[in-house]
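Fold and geometry: a report
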Amino acid sequence: MTIAAPSRPLESLRIGPGISALGERFVERRDPTPLPEPYLIAFNPAVAALLGVDASEAERPEFLRLASGGARFDPVPSYATVYAGHQFGAYVTQLGDGRALGLGEVVAPSGERYEWQLKGAGSTAFSRFGDGRAVLRSTIREYLASEALHHLGIPTTRALAIAGSDYPVMRETVETAAVLSRLAPTHLRFGSFEYFHYRRLNPELKILADYTIENFFSQFIAHPESERYALFLREVVERTARLIAHWQAVGFAHGVLNTDNMSILGQTLDYGPYGFVETFDPGFICNHSDEMGRYAFGRQPAIGLWNCRALAQAFESLLDESSRQAALAAYEPEFERAYAAAMRAKLGLRDERDGDLALIEDLLALLERGRADYTRAFRALSRVGSVPGVGDEALAATFADPAGLAPWLLAYRERLAAEAHDDSARQAAMLGQNPKFVLRNHLAQGAIAAAQARDYSEIARLEGILRRPFDEDAGDERDAQPAPQGTTPIEVSCSS
Ligand code: AMP
Ligand code: MG
């Protein structure tokens, strides 16, 4: 049993300046632009509890004011952080928080610290051509997906709340504005480091690296400086490899893996046109604007390494070439290890044996060729018995074309027989690894359509399901199914 931390009102939160303490070369101090006539659309009590904030605080006007950009934690300034980044392979010299503002760093009762960021709180010095706003649609997508990934055990920023308004915002059509409150120990990105490197601001780069190590990688402080940056870089590389291994195992495509969307903590950051793979296809491109498929699902592992190389390049003034290469060399083995471990768990294999990877690859090839639903296929596989025939039909039903499945199942059962693991224990373990519920695009779209008609109950209902993705009864059967036949696939793009 865990003992709930004593909950507290907003006013008693301990707030620090976070990265804004580094000064104006790192952040622009800027007040949020309040959303006109805001209302609360979603609130996540579990994330509030991380801060030690009681759920009843959501009902206070003070909370809504904070969450809608109408207030900040005086005297801590709110701020936009500068960064740059490689977008679709090309370096952009200045990006930065164009529509996000940090309200500061909340010190939680656990001692953990969380930067509270408002996404969509108005323009900043880094808004370029943008209006500083986020639309309701995109805040709901980020809110639901970040909670979905968290409960699947994948590192991610967390979503605390959405505030909405009738304030119109122009995208492809007129939509309404909303502000997402999200939390992470820090929202620093690979691009934060690239910004200082490419401007040859080496002292600032060192300040940023020292700040990051001191606050978020403190295990390396005791090491001599000559080792510290190498250990830090290697740790980021390994976390990134593990993050992407998790995504591949669960079938998550981020959609815009630019280096400015890569968290220095190895968390999933900046949800845009992401998608969960449904009909399995390594070529799955969730971002309608990604014509070349640079960020296709199956390319994510390679892109992760590409992005780590870009980060390593930004460490040029801190680390010599051979140390940078040594840190980068950790990526592939760490990815392979984490991916193999995740996939073995999905197949219910406890021991490591030669041939496991071939078994996994053969299954993925079958899923692709047979146009199987990725999530449903693994869920059904969890119920396959060691006795031939048990569960085969239900598994085959997740394929459009199950040709080739029978010989694979033969090999799989042979492999299972090599482990002394009884069916019920294996099946229970697999049902805890292969989710029944993921955030299918049409589900998110349903919550968005309802919210656009002022019904926010579907957001809360989905959140409740995604909180228990492995639980057979968390949602309705239809929540575990692909979009009904005849539904037009929804195209998602960078527009948000
Ligand atoms: P994203 O594609 O959301 O990761 O954003 C890329 C860059 O564009 C970041 O610097 C964002 O802050 C900025 N940006 C995106 N949308 C807007 C907007 N509506 N207003 C201002 N800046 C934006
Ligand atoms: Mg971004």
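Thresholds, definitions, all that
- Residues numbered from 1 in each chain as written.
- Chains lettered and ligands numbered in written order.
- Predicted model: local features only at pLDDT ≥ 70, side-chain atom pairs only at ≥ 80, totals over all residues.
- Heavy atoms only, no water.
- Helix = DSSP H or I, 4+ residues; strand = E, 2+ residues; numbered from the N terminus.
- Buried < 20%, exposed > 50% of the residue type's maximum accessible area, 1.4 Å probe, protein only.
- Donors = N, O, S within 2.8 Å, 3.2 Å for Na, K, Ca; no water.
- Contact = heavy atoms within 4.5 Å.
- pLDDT = per-residue confidence, 0-100.
- Domains from an automatic or database assignment.
- Pairing = 2+ DSSP bridges.
- Axes fitted to C-alpha atoms, helices over the stretch in contact; angles between N-to-C directions.
- Parallel < 35°, antiparallel > 145°, perpendicular 65-115°, else oblique.
- Nonpolar A, V, L, I, M, F, W, Y, C, P; charged D, E, K, R; others polar.

1. Overview of the environment of Asn215
- Position of Asn215 relative to the elements: it lies in helix α5 (residues 202-216).
- Asn215 sits in the partly exposed class, given a relative accessible area of 22%.
- It is 9.9 Å that separates the C-alpha atoms of Asn215 and Ile19, two residues lying 196 residues apart in sequence.

2. Details of the coordination of the magnesium ion (ligand 2)
- Protein coordination at the magnesium ion (ligand 2) comes from Asn261 (OD1) and Asp270 (OD), with a distance range of 2.0 to 2.1 Å.
- A relative accessible area of 12% places Asp270 in the buried class.

3. Digging into helix α11 (residues 374-381)
- The element α11 is extensively covered by neighbouring structure, given that 7 of its 8 residues are classed as buried.
- Where α11 is concerned, the buried positions are Tyr374, Thr375, Ala377, Phe378, Arg379, Ala380 and Leu381.
- Looking at the buried residues of α11, the elements they touch are α6 (225-250), α9 (331-347), α10 (356-369), α12 (392-396), α13 (405-417) and α14 (423-431).

4. Looking at the confidence of the model for the protein chain
- Here the protein chain averages 96 in pLDDT, and 99% of its residues register 70 or above.
- Below a pLDDT of 50 lies the segment residues 1-5, which in the model reaches 1 contact outside its immediate sequence neighbourhood of four places, other chains included.

5. Focus on the domain arrangement of the protein chain
- Annotation of the protein chain at the domain level lists domain 1 (10-187) and domain 2 (349-431).
- When each unit is reduced to the centre of its C-alpha atoms, the spacing between domain 1 and domain 2 is 42 Å.

6. Some points on the pairing of strand β8 (residues 113-119)
- The element β8 is largely enclosed, with a buried count of 6 among its 7 residues.
- Note: strand β7 (residues 100-107) against β8, 6 bridges, orientation antiparallel. By the bridge assignment for β8, Gly102 is matched with Gln117.
- Hairpin connection from β7 to β8: 5 residues lie between these consecutive antiparallel strands, with Gly111 at a positive phi of about 95 degrees.
- Note that β8 and strand β11 (residues 174-184) share 5 bridges and pair antiparallel. Bridge pairing in β11 places Leu118 opposite Ser181.

7. Considering the packing of helix α15 (residues 441-452) against helix α16 (residues 457-466)
- One way to put it is that α15 packs onto α16 with a least axis distance of 7 Å and a crossing angle of 150 degrees. Of the possible angle classes, the one that applies to α15 and α16 is roughly antiparallel. Contact residues: α15 offers Leu443, Ala444, Gly446, Ala447, Ala450 and Ala451, while α16 offers Glu458, Ile459 and Leu462.
- Its residues assigned to classes, the contact of α15 with α16 comprises 7 nonpolar, 1 polar and 1 charged.

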